[in-house]
Amino acid sequence: MSDRIKLLDVMVDIASTETAISTAFDCMQREGSHVVYFVNSNTLLLLKEHPEWKAQVEESELVLPGNPGVNSSINQVLGYQRQSFFPDGFFDNILDRAVEMGYEFMLIAADEEKYTSVQKNVHEKRPYLTFGGFSLAEKELTPEHIVNEINSVAPDILLFALEDQQQLELLEKFRSQMNAGLILFTGNLLYEKAVLEDNIPSGAERFRIQNIYRWFRRSGGIKAWMSNLRMKRELKRQRRSSDE
């Protein structure tokens, strides 16, 4: 585990991309299940209100920034520019290792659109990856049934692309019951990556509204913006309190 700092009272890793990849690779070689949790500003705000979730997240092998706002806030708290962490580079290396080693990869997404978008994005670059999974909207499963589905496969790499509260509830209640090697809680991170890299319809390009098109496809754009604003205000408040 690399060094951590406190961000809104949550301990977050300050690992570089290379360090995070090395730690994840090490986890993939060890027995048992190992959690990597990507936190965004909304996650941090939720954890501030739910100490039981916070404790579970902080027990993860890695707690990594899941959006640019959290990434830049870590540098502000540190007071200097640390070695950069790039989520895209992290996931590219994990997926390349999965192909190289023949690992089985399982994705659980919030709905069919997110599942399809992430699956398409991954398969376009890595067609030989052993890829399975489902969306919650498609299966309409209880949390217990979700865990049963996971354990029936026992994937080498399990990736959750769910809303923050769904992920945190699963982590709290079923962390010790999920039979998977490396468990990645990513929220909307990979879905937003898929949206940014997806081909834009010709109509959107013709009318030069590509950014608007992507904004509407992205999940919770306004909510994410508001959460980032609240996080930054809270960090400023904490800094003022510590200076007094």
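Heads up: the structure comes first, above all this text.
Rules and cut-offs
- Residues numbered from 1 in each chain as written.
- Predicted model: local features only at pLDDT ≥ 70, side-chain atom pairs only at ≥ 80, totals over all residues.
- Heavy atoms only, no water.
- Phe/Tyr/Trp six-rings, centres within 6.5 Å; stacked < 30°, edge-to-face > 60°.
- Helix = DSSP H or I, 4+ residues; strand = E, 2+ residues; numbered from the N terminus.
- Buried < 20%, exposed > 50% of the residue type's maximum accessible area, 1.4 Å probe, protein only.
- Arc of directions from axis to C-beta.
- Axes fitted to C-alpha atoms, helices over the stretch in contact; angles between N-to-C directions.
- Parallel < 35°, antiparallel > 145°, perpendicular 65-115°, else oblique.
- Left-handed = near helix turned anticlockwise from the far one by under 90°.
- Contact = heavy atoms within 4.5 Å.
- Nonpolar A, V, L, I, M, F, W, Y, C, P; charged D, E, K, R; others polar.

So, the packing of aromatic side chains
One pass over the full model with this rule turns up nine aromatic pairs. With centroids separated by 5.6 Å and ring planes inclined at 65°, the aromatic side chains of F38 and F90 adopt a geometry described as edge-to-face. Linking F38 in strand β3 (residues 34-39) with F90 in helix α5 (residues 87-101), this pair joins segments that are 52 residues apart in sequence. In this structure, F38 and F90 share a single accessibility class: buried.

Examining helix α8 (residues 143-153)
Each full turn of the α-helix corresponds to 3.6 residues, which orients residues three or four apart in the same direction. Those residues of α8 that sit buried are I146, V147 and I150. Considered in projection along α8, the buried side chains sweep an arc of 95° and stay on one side of the axis. Following α8 by one or two positions, A154 has its phi on the positive side, about 50°.

Digging into the packing of helix α6 (residues 112-125) against helix α10 (residues 189-197)
Following both chains from N to C, one finds α6 and α10 inclined at 65°, their axes separated by 9 Å at the closest point. Taken together, α6 and α10 sit at an angle that is classed as roughly perpendicular. Note on packing geometry: the crossing formed by α6 with α10 is left-handed. Between α6 and α10, the residues in contact are E113, K114, S117, V118, N121 and K125 and L190, Y191, K193, A194 and E197, respectively. Here the contact of α6 with α10 is built from residues that sort into four nonpolar, two polar and five charged.

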